[in-house]
Amino acid sequence: MGLLAHVAGMLAGYGVLVLLVLMARTPALERGVGADVLARWHGRIGRSVLVLVLAHAAAAVDAWAQATGAGALSASWQVLGMPWLPAATVGAALMVAAGVTSARAARRRLRHETWHGLHLLMYLAVGLSFAHMLAGPDLAGRPALQVAWALAYTHVFALVLRFRVVAPLRQAVRHRLRVTGVHEEAPGVVSIAVEGEHLHELTAESGQFFRWRFLTPDHWSTAHPFSLSAAPTDTTLRLTVKALGDGSRNLQVLPVGTWVIAEGPYGAVTPARRTRRDVLLVAGGVGITPMRALFESIPVDPGGDLLLVYRARSEEELVFRHELDAIARGRGARVSYVLGPDRAALSRAALQHNVPDLVARDVYMCGPPGLMTAVRQSLREAGLPSQQLHEERFDL
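Residues numbered from 1 in each chain as written. Predicted model: local features only at pLDDT ≥ 70, side-chain atom pairs only at ≥ 80, totals over all residues. Heavy atoms only, no water.

**Digging into the nonpolar core**
For clarity, the cut-off: As used here, the term nonpolar core means buried Ala, Val, Leu, Ile, Met, Phe, Trp, Tyr and Cys residues forming a set that is joined through side-chain atoms within 4.5 Å. The classification of residues rests on relative accessible area computed with a 1.4 Å probe and restricted to protein chains. Under 20% of the type maximum is buried, over 50% is exposed, and intermediate values are partly exposed. Each helix is a run of DSSP H or I of at least 4 residues and each strand a run of E of at least 2, with the numbering of both proceeding from the N terminus. Here a residue-residue contact requires only that any non-hydrogen atoms of the pair lie within 4.5 Å.
Judged by nonpolar contacts, the single largest core of 24 residues is most densely connected at L281, I288 and F295. Listing elements by their share of this core, those giving two or more residues are β7 (279-284), α11 (288-297), β8 (306-312) and α12 (321-331). In contact with F295, other than residues within four places in its own chain, are L281, L306, L308, L324, I327, A328, R331, A333, R334 and V335. Ranked by size, the runner-up nonpolar core spans 21 residues in total, among them A12, L20, L94 and A125.

**With respect to the packing of aromatic side chains**
Under the convention used in this document: Paired rings are identified among Phe, Tyr and Trp, the last through its six-membered ring, by centres lying within 6.5 Å, and are further divided according to the angle between planes into stacked (under 30 degrees), edge-to-face (over 60) and tilted (the rest). Criterion for a charge above a ring: Arg CZ or Lys NZ at most 6 Å from the ring centre, at most 35 degrees from the ring normal.
One pass over the structure, following the stated rule, counts six aromatic pairs. Here the aromatic rings of F130 and Y153 are separated by 5.4 Å at their centres, their planes lie at 55°, and the arrangement is tilted. With F130 in helix α8 (residues 121-135) and Y153 in helix α9 (residues 143-175), the pair connects residues that are 23 residues apart, well separated along the chain. Stacked on the ring of W259, the Lys or Arg R178 has its end atom at 5.2 Å from the ring centre. For the cation-ring pair, R292 lies above F320, with the distance from its terminal atom to the ring centre recorded as 6.0 Å.

**Focus on the pattern of salt bridges**
Using the following cut-off: Salt bridges are counted wherever a side-chain nitrogen of Lys or Arg sits within 4 Å of a carboxyl oxygen of Asp or Glu.
For the coordinates displayed, the defined rule picks out 14 salt bridges. Note that R361 and D357 form a salt bridge whose closest N and O atoms lie 2.9 Å from each other. Given a relative accessible area of 3%, R361 falls into the buried group. Look at D357 and you get partly exposed, because its relative accessible area is 28%. Put simply, R238, R292, E296 and E323 are held in one network by salt bridges that share partners.

**Examining the packing of helix α5 (residues 85-101) against α8**
Going by this rule: Only C-alpha atoms enter the line fits that serve as axes; for helices the fit covers just the stretch in contact. Angles between N-to-C directions range over 0 to 180 degrees. Any angle from 65 to 115 degrees is called roughly perpendicular, while one under 35 is roughly parallel, one over 145 is roughly antiparallel, and all others are oblique. For any helix crossing, the convention is left-handed if the near helix is rotated counterclockwise from the far helix by under a right angle, and right-handed if that rotation is clockwise.
Contact geometry of α5 with α8 gives a least axis separation of 7 Å together with a crossing angle of 150°. When the axis of α5 is compared with that of α8, the two are roughly antiparallel. Crossing angle aside, the handedness with which α5 passes α8 is left-handed. From α5, L85, A87, A88, V90, G91, A92, L94, M95 and A98 reach across to α8, where they touch L121, M122, L124, A125, V126, L128, S129 and H132.

The following block contains the structure:
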């Protein structure tokens, strides 16, 4: 059991380093790999780290009980009395709390703001556990290893501080973003126009998103991830918000003039991913926001075809209809509205009937998880190569 405790402890410590790197919001990873892929890796590795932490604790107590002949409760109490173990135990408890509240069933019952606040406790958990890592039997008495371990954690925390705190504040000072308009697009859906200075320096592209922090008493503590719903310019950015929870509902009445901190841009589903002449965009519900920006700006080669398929339950739920029709006319592109509750309209047979050259196109898509899963399966059945499908999935 002693060997298991050592191995599980070291792997857990290394896994925490990887978790922090994945969520440091390093631009090279966010734009090159994609925020959704990083988030899924983070979730899977996080569950593994939690199992390793619990295995380490259980194995360490069992090994001490075997070495001393003490019972389980007595051995646990004795282990807790060792240097830095009380703080590490609190850290492990915080990790368990963050892991439990990140389970899908728990997240459905929690407000996003509550979940986010609890998840931030992971930083405190790591801090409380760090001294135990250095004092543990695997590193104690090995100064070179202790220094290397400490430098690795210092570097990773520096990345987190740089890209999650310093960079957004620097951008806020440089770009001076403010809300200049809130326009209703459909019942429960508004577009928020934001203006600022030197926005070309952000190198934002259609298909990307920012984490928007609106500096009002209700919103300053939470960064909301929303895609650009129009192609960015040197002075303006636009996002579109659907009222899905308390936070997004309150944004419907955001005061004009509100100062904004925008972290980003993030996301890898951009026009640069395109590999084919013809392009199909598939949007469902509020997933139209990044697709609308791409529909406006993705390059169309001479003789090429750009088609947007937009699914909604009813005509009243369509967002940007007038804008989409105008873009289609101006660019010589096409837009098809698929209305009603029947998902068969986006089945393999329906897609191949309406888009005979489907497998020869790049396909970009965004929408509710259930719809995206169904469309993804339809595209796979139709034979679309995986490298021609571009999406970001946040059904974590």
